[in-house]
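Descriptive analysis of the structure
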Amino acid sequence: MTDQVDNWHKLARFDTNMQGELHANLLRNNGITVSLQPLSAIPGMNSGIVLWVEDTDLAEAQRILDTILTDGAALLDEMSDADFDALSANQSNATQGNAIIDDNNGGTL
């Protein structure tokens with residue numbers, strides 16, 4: 001199989017379907033038509049996925065994907081202390097907001 005079929009070009013291959021679908025949605029949100037090719041015909045099999053884009057969208061799609069950080073260490077390097085503080089504050093607020101209130105209504109409102 002070649003990397004070009006008619007006016008479609010193979011843009012990227014992802015190891016999991018979820019990664020491919022997330023990147024495809026990002027491209028679609030930017031007005032790029034994307035075709036997904038699962039690497040397994042068995043539903044639910046998480047064997048990877050290939051993204052295909054049309055000739056006219058190839059350069060823009062590649063530019064968008066190139067801006068995404070996929071390396072966890074690089075992402076941590078780019079995060080500031082304020083980002084970490086915001087994350088930890090949101091996590092502590094989330095646990096406080098889930099307190100069970102006993103209002104003696106017998107479970108009804």
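Residues numbered from 1 in each chain as written. Predicted model: local features only at pLDDT ≥ 70, side-chain atom pairs only at ≥ 80, totals over all residues. Heavy atoms only, no water.

Some remarks on the overall build of the protein
Scanning the protein from N- to C-terminus turns up 4 helices and 4 strands. From first element to last, N terminus to C terminus, the protein shows the α and β order β-β-α-β-β-α-α-α. Of the contacts made within the protein by residues no fewer than 6 positions apart, 64% connect residues no fewer than 24 positions apart. (Helix = DSSP H or I, 4+ residues; strand = E, 2+ residues; numbered from the N terminus. Contact = heavy atoms within 4.5 Å.)

A short note on the environment of Gly 31
By the secondary structure assignment, Gly 31 is in the loop between α1 (17-29) and β3 (34-38). Residues Gly 31 and Ala 61, 30 residues apart in the sequence, show an inter-C-alpha distance of 9.6 Å.

A word on the packing of α1 against helix α2 (residues 58-66)
At a closest axis distance of 10 Å, the pairing of α1 and α2 adopts a crossing angle of 125°. Taken as axis vectors, α1 and α2 run oblique relative to one another. The handedness of the crossing between α1 and α2 is right-handed. Only Ala 61, Ile 64 and Leu 65 of α2 make contact with α1, whose side of the interface consists of His 23, Leu 26 and Leu 27. Of the residues contributing to the contact of α1 with α2, the split by class is 5 nonpolar, 1 polar and no charged. (Axes fitted to C-alpha atoms, helices over the stretch in contact; angles between N-to-C directions. Parallel < 35°, antiparallel > 145°, perpendicular 65-115°, else oblique. Left-handed = near helix turned anticlockwise from the far one by under 90°. Nonpolar A, V, L, I, M, F, W, Y, C, P; charged D, E, K, R; others polar.)

So, the pairing of strand β4 (residues 49-54)
Buried residues dominate β4, accounting for 5 of its 6 residues. Bridging between strand β2 (residues 8-14) and β4 involves 6 bridges; their strand directions are antiparallel. Opposite Trp 8, over in β4, you have Glu 54 as the bridge partner. Both β3 and β4 contribute to a ladder of 5 bridges, which runs antiparallel. Paired with Leu 36 across the bridge in β4 is Leu 51. (Buried < 20%, exposed > 50% of the residue type's maximum accessible area, 1.4 Å probe, protein only. Pairing = 2+ DSSP bridges.)

Brief notes about α2
For α2, every residue scored as buried is listed here: Ala 61, Ile 64 and Leu 65. Seen end-on, α2 carries its buried residues on one side only, within an arc spanning 95°. α2 presents Ala 59 and Asp 66 as exposed residues on the side facing more than 90 degrees away from its buried surface. Tucked into the core, α2 has its buried residues touching β2, α1 and β4. (Arc of directions from axis to C-beta.)

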